[in-house]
Each structure stands twice: as C-alpha cells, then as structure tokens.
Amino acid sequence: MNAFSVGTNGSVRAQFGDFETELLCDLAGQVGDLLGESVDPPDDHLLAIVGIGGGDSLPTDPAVARLLPDAYADDTEASTEFRRLTEHSLADRKIANARLVITGLLAAQGAEFELDAEAQQAWIRAITDIRLVLAARLGIETDDDTGRSDSEEARWMRDVYDWLAAVQTTLLEAMEP
Amino acid sequence: MSDTLERTELVEQQSLDTPWVTIVWNDPVNLMTYVSYVFRSYFGFAREKADELMMQVHENGRAVVASGAREEMERHVEAMHDFGLWATVSKDGDGKA
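The following paragraphs examine the structure supplied in this document. Note that the coordinates shown come from a computational prediction; the quantities given were computed from them, not determined experimentally.

Conventions and cut-offs
- Residues numbered from 1 in each chain as written.
- Chains lettered and ligands numbered in written order.
- Predicted model: local features only at pLDDT ≥ 70, side-chain atom pairs only at ≥ 80, totals over all residues.
- Helix = DSSP H or I, 4+ residues; strand = E, 2+ residues; numbered from the N terminus.
- Contact = placed C-beta atoms within 7 Å.
- Axes fitted to C-alpha atoms, helices over the stretch in contact; angles between N-to-C directions.
- Parallel < 35°, antiparallel > 145°, perpendicular 65-115°, else oblique.
- Left-handed = near helix turned anticlockwise from the far one by under 90°.
- Nonpolar A, V, L, I, M, F, W, Y, C, P; charged D, E, K, R; others polar.
- Pairing = 2+ DSSP bridges.

Concerning the overall build of chain B
Summing up its helical and strand segments, chain B has 4 helices and 3 strands in all. Secondary structure of chain B in N-to-C order comes out as α-β-α-α-β-α-β. Look at the contacts in chain B between residues 6 or more apart in sequence, and 68% of them connect residues 24 or more apart.

Concerning the packing of helix H5 (residues 117–138) of chain A against helix H6 (residues 152–175) of chain A
All names here are of chain A. Where H5 contacts H6, the two axes come as close as 10 Å, and the packing angle between them is 155°. Relative to H6, the element H5 is oriented roughly antiparallel. At the point where H5 passes H6, the crossing takes the left-handed sense. Contacts from Gln120, Trp123, Ile124, Ile127, Ile130, Arg131, Leu134, Ala135, Arg137 and Leu138 in H5 reach Ala154, Met157, Arg158, Val160, Tyr161, Leu164, Ala165, Val167, Gln168, Leu171 and Met175 in H6. When grouped by side-chain class, the residues that make up the contact of H5 with H6 number 16 nonpolar, 2 polar and 3 charged.

A closer look at the interface of chain B and chain A
Listed per partner, the contact involves 19 residues of chain B and 25 residues of chain A. Taken together, the elements giving at least two residues each to the side of chain B that touches chain A come down to helix H2 (32–43), helix H4 (70–83) and strand E3 (86–91) of chain B. The greatest single-element share of the side of chain B that touches chain A, amounting to 6 residues, is contributed by H4 of chain B. Residues that form the side of chain B that touches chain A fall into these classes: 9 nonpolar, 6 polar and 4 charged.

Observations concerning the environment of Asn2 of chain A
Residues and elements named next belong to chain A. Positionally, Asn2 belongs in the segment before strand E1 (3–6). Separated by 14 residues in the primary sequence, Asn2 and Phe16 have C-alpha atoms spaced 6.4 Å apart. Discounting residues that sit within four places of it in the chain, Asn2 has contacts with Gln15 and Phe16.

A word on the sheet that holds strand E2 (residues 12–15) of chain A
Residues and elements named next belong to chain A. Spatially, the 3 strands line up as an open sheet ordered E1-E2-E3, and their pairing is antiparallel. The sheet is open, and its two borders are formed by E1 and strand E3 (113–115), each paired with just one other strand. The mean inter-strand angle of the sheet, taken between neighbouring strand axes irrespective of direction, is 40°. Pairing geometry for E2 and E3, over 3 bridges, is antiparallel. Residue pairing across strands places Arg13 opposite Glu114, the latter belonging to E3.

See the structure below:
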C-alpha cells in the first residue's frame, strides 16, 4: 500500500492508485453531501455568514449524529444552545476537509503529491469522518463489535473501513516520523 | 466599561466556584494512536500523559482531559468534534466526571 510516506526533505507525501483515488473521492463526497443535507439552511442570511444556524436536536441519522454529536451528555437545553451556535460551522469545516481531500486527489491523478500542514489536518480529520460514517452504517457500537456482515455490501464496507484505518496509520506515522 | 469589568469578574467567580470539565468518551472507531495524537497536538500533552489519558478513555470508557471555565471547555469540545472524537462538557463534581 502506498498511501502516505515521508519525503527526503521530511515532507509528508501521498500517493493513491486510480481505484483508491476514485474510492476516496466517492466516500469523501458522500460525507460532504450527508453533512450538507443534514444541516438546515439558516433562514437568516447574516447568521449563515457568521456560521450560526444549526439544528435544535441530535440529527436523526446515526452517522450524522456521530459527526455532529451533542456537547452535553445530560443537558438537552445546553446541547441545543451549543448546537444552534456551532453546528453549522462544524459541519462546514468537515465539508471543507472532505473537499480538500477530493481536490488534492483529482489534481494528483495517481501521482505522488505533498501535503502541507493544513492538508495533513484536513486529511486526518476527513479519514476519521469517513470511518465514523462507515461504522455507523455497519452498526459498530462497541470495541468488540465487528459490525454486520450480512451482505456483500456490508463485507465490502468493512474492508474499506479497515483499509482506511491502515491509511490513517501511515499518515500518522508520516506526520510524526 | 465598569459594567464590562463587573461582568468579567462575575464570570471568573462562577468558573472558580464551579469548574467545568471536558470529557472524552470511548468509541469503537478511532484508533488509539489517533486519540493519543489528538491529545498531544491539540492540548500539547507530552506523549506519556496523552497515552495515559488515551488508555483511560479506552479502559474506563471516558477521561477528563481538561478543566476550567465553561466557555473554554466548550471550545475544547468543539475542537474534539472537529477531530471526530466524542467529547462532552460537564460540571465538575456532579457525578458524571
């Protein structure tokens, strides 16, 4: 597996084959879409500009709920207030991370490319978000959970989920050699 | 001006009386190496402390990673959510921390 490596000058390098590029772009795109659709467009344009205008309660889709969780474990009112103030910008930052991953992959077209500090942060977060969504879809809820494997699709998602763990490990190792 | 000062003092007083904490919860998804990395890179913890907190999260299901004023804890929690970690704000000493 290529994924991430350290360049001779200490830089973080990335390389993904055609299939991996397509897969990562698809997954990052799906996470972006999921977030974009779930965060209600704010009525007030000014609020939208400053990033205020999230929903009132935990998103119903468990995958989105894991990406945009409650900030208070036992205080619904405080969670709602916090969500109203921060959810929209949190979702926007996650969408921006996913977009940066897609843009970088499409520009590289399978060739090796360098990740600056900003791109490293976007990638490490975007990979996490994709894995969180896959885990929610697979029903992985505890440490011992392997998730459902009742279909070809589920087994495939599990393979991708594990592959992304390996990809993230190579990124972490490249960032802190 | 004096109004602002009084309010600032009030906020400080409140945070002294009732410290708040940031709790990071265990999840089955995030890699232990990643959680430790987040603790080091965001909070600036040394590797030993970051690994210790990470193990606490893993084994006890949660760990208190910061304490202080409520607003500060909310910033930490939002940052943890940015990283994809599951974190919440709690009032210290209410039995949940």
